Amino acid sequence: MKFNEIEKKWQNYWESKKSFEAINGTQKPPYYILVEFPYPSGSGLHVGHVRSYTAQDALARMKRMQGYNVLYPMGWDAFGAPAEQYAIKNHIHPKEAVQENIKTFKKQMKTLGFSFDWSREFATTDPDYYKWTQWQFLQFYKNGMAYKDTIPVNWCPKCKSVLSNEDAAGGVCERCGSKVVQKEKSQWMLRMSDYSEDLLTGLEDTNFAERVKLGQINWIGKSIGANINFKIDGTDKEFTVFTTRCDTLFGATYCVLAPEHEYILDITAKDKLDEVKAYIDKCATKNEMERTELNKEKTGVFIGAYAINPVNQEKIPIYISDYVLASYGTGAIMAVPAHDTRDYEFAKKFDIPIIQVLEEVTGVPKEEESFKNSIVAIVHNPKDGKYLTINWGKNGGRLFVGGTRCDGESAVDCAVREIAEETGYTDLELIGEDFKINHHYYAYNKDKYFEIEATPILFELKSDKREKQKLDEDENFEVEWVDKKVVEKEVVYELHKKSFEYVLDPGAMIGDGIHINSGFLNGLNKQEAIDKMIEWLEENGCGEKKVNYKMRDWIFSRQRFWGEPIPMIYCEKCGWVPMKEEDLPLLLPDVAEYEPTEDGESPLANITDWVNTTCPCCGGAARRETDTMPNWAGSSWYFLRFMDPHNDKAFASMDAMKYWNRVDWYNGGMEHTARHLLYARFWVQFLYNIGLVPNKEMIWTRVSHGMVLGSNNEKMSKSKGNVINPDDIVKEYGVDTLRVYEMFMGDYQMDVSWSTDTLRGCKRFLDKVIRLYDKVEDKKGFTASLEMIQNKTIKKVTDDLLNLGYNTAISALMILANNYDNLESISKDDYNLLLTLLNPIAPHVTEELNEMIGYSPICEGKWPVCDESKIVEEEKEIAVQVNGKVRATINIRVDEEEESIKEKALKAENVIKHLDGKEVVKIIVIKGKIVNIVVK
RNA sequence: GGGCGUAUGUCGGAAUUGGUAGACGAGACGGUCUCAAAAACCGUUAGUAGUAAUACUGUGUGAGUUCAAGUCUCACUACGCCCACCA
């Protein structure tokens with residue numbers, strides 16, 4: 001039989017037998033496997049889809065054989081912009097395009113033999129489904145979790161359309177290339193930020209992959225810092241700043257308020273008012289893109305007022321600048337230019353003092369050290385770009401000029417003196433001093449440990465004028481000018497290396513170190529100082545510990561047609577009124593024009609029949625909300641619906657949800673690990689808090705797969721011509737080959753590129769399995785010589801299918817098949833075992849071969865269990881190392897005594913050779929693993 | 001700029017979690033079968049030297065910990081993804 005006939009035959013069999021339908025409430029233990037439902041795009045199934053669906057399918061098939069009631073559902077995340085764009089162009093309702101695409105997807109999925117429970121299929125665009133999405137929105141609203149706020153949106157004046165951040169990347173409309181502007185819009189918001197802490201702690205009740213958890217943690221962005229109150233000089237007013245670096249408070253040399261800050265005009269000096277107002281107005285007209293543009297020159301205005309630094313009562317100037325965001329923290333910062341990049345740039349531009357309060361530490365601090373002030377002098381010759389170094393050769397390598405400061409001598413004076421003494425050059429121009437470094441070292445000539453505070457200083461050479469060097473007797477070095485490459489390669493001493501980096505690329509010192517110029521913080525590192533400063537602030541009533549989250553509330557409105565209508569009505573008299581629950585679903589109207597309005601309202605706003613309605617509260621004339629929900633809405637709870645998909649009384653019954661309990665295994669793309677997963681968890685936690693779902697976390701394990709790239713290692717795309725269509729592969733090689741290949745191609749969690757060569761190798765493997773049929777004899781039981789490898793393979797495959805080790809599972813099966821192939825004949829049971837283990841990945845061909853030997857269908861049978869007693873090895877070959885190098889191997893019994901292993905190891909021929917003339921110091925025996933003989 | 005991840009033969013990738021690096025597959029080369037080809041089968045395949053036994057080198061770079069490092073620690077480089085004036 002041809003493989004396509006075999007495939008059809010078994011697919012029909014499964015369908016007619018309803019082999020994969022999950023039944024709510026059976027006695028079997030439930031197991032819920034979920035894979036992200038796709039957006040049914042026009043281009044059909046991607047080979048990437050095939051990879052994750054096959055992986056989960058293999059797990060589902062194994063779990064069923066292990067006796068679980070497996071729920072492995074599939075549906076469609078079918079709202080979204082592409083369908084709407086298509087509809088605008090072709091003047092048809094998006095739902096028609098969506099239906100067409102779903103048909104294609106479903107046909108492809110069926111061809112690939114995925115064991116989805118199709119009886120539970122739905123699309124987010126089904127009114128029966130989005131009715132409940134709308135209903136849940138009403139619950140958010142009724143519990144005070146949904147509110148309206150005015151938010152700037154990306155607006156393309158040419159397309160007359162609101163753009164997502166993605167479509168507006170770089171401030172340019174992705175579709176037409178025109179410049180994106182900001183437009184204020186009143187939007188629905190969900191109070192997601194209220195759940196920041198719960199979403200963080202909830203992770204402990206999940207089994208998400210570590211990198212997935214990290215993604216969530218970073219997105220939530222909890223930072224523990226401090227609020228610090230600054231009094232405004234000469235007034236009784238004060239303002240509060242948020243900082244994560246309160247340890248640097250002694251280095252604060254100015255403050256900055258966001259242009260939107262509420263106090264500004266109250267505290268601005270009279271003669272500065274016009275200037276300040278002008279700046280505020282200018283910022284207001286700038287769009288978010290312009291304001292957040294990278295590498296932009298800093299702008300700002302001094303407002304003529306001063307703040308009092310609470311820790312040292314210093315008067316420091318207050319500026320306003322748009323690099324401070326009103327929406328984060330308190331909308332005001334204390335600026336520490338020495339230790340913050342943005343503050344540094346601003347201070348340089350406005351010539352504000354920079355005070356270093358933290359020193360980087362190099363070398364290793366020791367107990368008893370002598371202290372010195374010193375310098376590292378770097379001299380640059382602008383004529384040829386070379387740097388002045390002194391080369392000590394074997395006695396210290398290449399260094400810059402360095403030296404110790406005499407009493408009362410400034411760092412620069414010291415540097416000038418040392419340069420003259422050691423190299424003779426005197427005609428220098430000072431370029432700059434950089435941040436001091438705290439360095440620890442051991443001086444051989446003095447046999448002493450030193451701690452030095454070293455100042456890196458950069459000079460330019462003005463002329464070759466040179467005097468005689470004044471060298472001590474022991475100063476025996478060459479003065480050499482070398483270029484930057486040589487410096488980077490040969491100046492390896494940490495202090496000098498760092499100094500060079502500092503002066504070459506001056507900027508804020510961001511890292512950890514020890515505090516200086518900081519009163520009671522001196523000598524402490526960053527974390528110690530933060531803790532101590534928070535303590536001090538709280539004791540002195542001028543600040544407090546403050547937790548901040550990056551995560552904001554969820555902007556829940558989209559100015560689009562093809563989304564769930566938001567079931568809210570605006571009445572002049574009653575304000576915003578929710579629709580009555582019994583009137584849901586609020587259907588999308590059936591029209592054929594979806595042009596957005598002139599002013600960026602959703603296309604729904606044009607459909608007056610639909611918009612105009614009556615107020616559910618007073619019965620008067622009212623208008624519907626015309627914005628729709630974001631794509632994320634429907635996908636935030638679809639996994640609950642799969643538990644009870646046909647319920648018309650509730651989104652899912654509590655009984656059904658309690659039976660399935662939660663999603664045991666959820667797989668999807670890495671790109672969704674932050675946002676989709678966070679939205680879904682937020683949604684569930686809210687439903688839990690109002691008593692509608694049984695668990696606070698409804699997803700247990702989450703794993704993310706890597707992408708399937710084109711054979712050229714780039715993302716598959718039509719324009720690059722590297723797209724592989726799964727249909728073509730199926731036609732030429734068969735479904736099972738494609739499935740085996742996609743599981744074998746590489747580490748499941750990492751990106752892999754397509755290789756048709758390797759695909760052929762998988763075909764060969766399946767051909768070999770088919771050929772093995774000719775070796776099957778009508779014998780009873782298992783072939784004795786195969787039992788060990790068989791049981792090892794059972795164990796390996798079972799473990800691997802549960803741990804994403806699909807590629808190694810297949811490799812183990814290949815080894816088993818090779819073992820079979822080496823024999824003259826095998827038994828039916830031998831053959832059936834191989835077929836069963838391979839069945840989850842290659843279900844069609846294995847069922848067929850299994851039927852040919854007269855066995856009943858694998859999918860109705862039991863998954864084999866490893867007999868541990870059969871895999872105990874008695875003898876083992878282990879390596880013998882001499883000084884860590886393998887010199888021989890010896891055979892030992894697994895339970896062999898250490899003494900006897902030692903004896904054998906020492907007798908091995910090649911070992912004897914390597915012991916010759918050496919003294920054995922130690923013999924390390926790791927039982928059953930390795931012997932290492934240490935010799936001198 | 002930040003966060004996360006990755007780096008192993010010609011290629012995709014293994015490595016019992018610190019214990020014989022390169023499993024399995026691909027490709028290449030040589031052979032068997034054949035009039036021939038395909039398929040299949042057998043052999044070789046990290047590098048260098050050697051007929052061989054064997055020796056040396058070798059998991060992005062540099063240091064370190066250890067009897068022992070692909071695996072742990074630190075620094076660096078390159079690439080990928082996500083985020084980004086987040087204080």
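One structure accompanies this document, and this report is about it.

### A closer look at the pairing of strand E12 (residues 358-362)
A large share of E12 lies buried, amounting to four of its five residues. By the bridge criterion, two bridges tie E12 to strand E21 (residues 514-515) in an arrangement that is antiparallel. If you follow Leu358 over to E21, its bridge partner there is His515. By the bridge criterion, three bridges tie E12 to strand E18 (residues 437-443) in an arrangement that is parallel. Looking across to E18, one finds that Thr362 is bridged to His439.

### Details of the pattern of salt bridges
Per the stated rule, a full pass over the model turns up 36 salt bridges. Two residues, Glu851 and Lys9, come together in a salt bridge whose shortest N-O distance is 2.6 Å. Placement of the pair is Glu851 in helix H27 (residues 843-852) and Lys9 in helix H1 (residues 3-17), with a sequence separation of 842 residues. The exposure class of Glu851 is partly exposed, given its relative accessible area of 39%.

### What to know about the sheet that holds strand E25 (residues 575-578)
One open sheet accounts for four strands, arranged E25-E24-E27-E26; its pairing is antiparallel. With partners counted over all chains shown, the strands left at the sheet margins are E25 and strand E26 (612-614), one partner each. The sheet shows a mean angle of 45° between the axes of neighbouring strands, taken without regard to direction.

### Things to note about the sheet that holds strand E34 (residues 875-882)
Read across the open sheet, the four strands follow the order E35-E34-E37-E36; overall the sheet is mixed. Strand pairing shows two members of the sheet lacking a second neighbour, strand E35 (885-893) and strand E36 (920-926), which therefore form its edges. In this sheet, adjacent strand axes meet at a mean angle of 20° when their direction is disregarded. Sheet topology note: the E34/E35 ladder contains eight bridges and is antiparallel. Within the sheet, the bridge partner assigned to Ile878 lies in E35 and is Ile890. Sitting on the sheet, helix H28 (residues 898-907) is in contact with E34, E35, E36 and strand E37 (930-935), with an inclination near 135° to E35.

### Things to note about unusual backbone geometry
The peptide bond linking Leu584 to Pro585 adopts the cis configuration, its omega dihedral lying at 0°. Tracing the chain through its elements places Pro585 in the loop between E25 and helix H16 (608-611). Positive phi, close to 60°, is recorded for Gln313, a residue that is not glycine. The topology assignment puts Gln313 in the loop between strand E9 (301-308) and strand E10 (315-320).

### Notes on helix H4 (residues 94-111)
Helix length check: H4 (18 residues) gives 26 Å between terminal C-alpha atoms against 26 Å at 1.5 Å per residue, within 8%. Along H4, the positions that sit buried rather than exposed are Pro94, Ala97, Val98, Asn101, Ile102, Phe105, Gln108 and Met109. Relative to the axis of H4, the buried residues are bounded by an arc of 135° and lie together on one face. Within H4, the exposed residues directed more than 90 degrees away from the buried face are Gln99, Lys103 and Lys107. Buried positions along H4 lie against helix H2 (47-65), helix H3 (81-90) and helix H21 (726-733).

### Some points on the packing of helix H24 (residues 787-802) against helix H25 (residues 806-821)
Between H24 and H25, whose axes approach to 8 Å, the crossing angle comes to 165°. As the angle between them shows, H24 and H25 are arranged roughly antiparallel. Two packed elements cross with a definite hand, and for H24 against H25 that hand is left-handed. Counting all contacts with H24, which are made through Ile789, Gln790, Thr793, Lys796, Val797, Asp800 and Leu801, the residues of H25 involved are Tyr806, Thr808, Ala809, Ala812, Leu813, Ile815, Leu816, Asn819 and Tyr820. Grouping the amino acids of the contact of H24 with H25 by side-chain chemistry returns 10 nonpolar, four polar and two charged.

Rules used in this analysis
- Residues numbered from 1 in each chain as written.
- Chains lettered and ligands numbered in written order.
- Predicted model: local features only at pLDDT ≥ 70, side-chain atom pairs only at ≥ 80, totals over all residues.
- Heavy atoms only, no water.
- Buried < 20%, exposed > 50% of the residue type's maximum accessible area, 1.4 Å probe, protein only.
- Helix = DSSP H or I, 4+ residues; strand = E, 2+ residues; numbered from the N terminus.
- Pairing = 2+ DSSP bridges.
- Salt bridge = Lys/Arg side-chain N within 4 Å of Asp/Glu carboxyl O.
- Axes fitted to C-alpha atoms, helices over the stretch in contact; angles between N-to-C directions.
- Contact = heavy atoms within 4.5 Å.
- Expected span 1.5 Å × (residues − 1).
- Arc of directions from axis to C-beta.
- Parallel < 35°, antiparallel > 145°, perpendicular 65-115°, else oblique.
- Left-handed = near helix turned anticlockwise from the far one by under 90°.
- Nonpolar A, V, L, I, M, F, W, Y, C, P; charged D, E, K, R; others polar.

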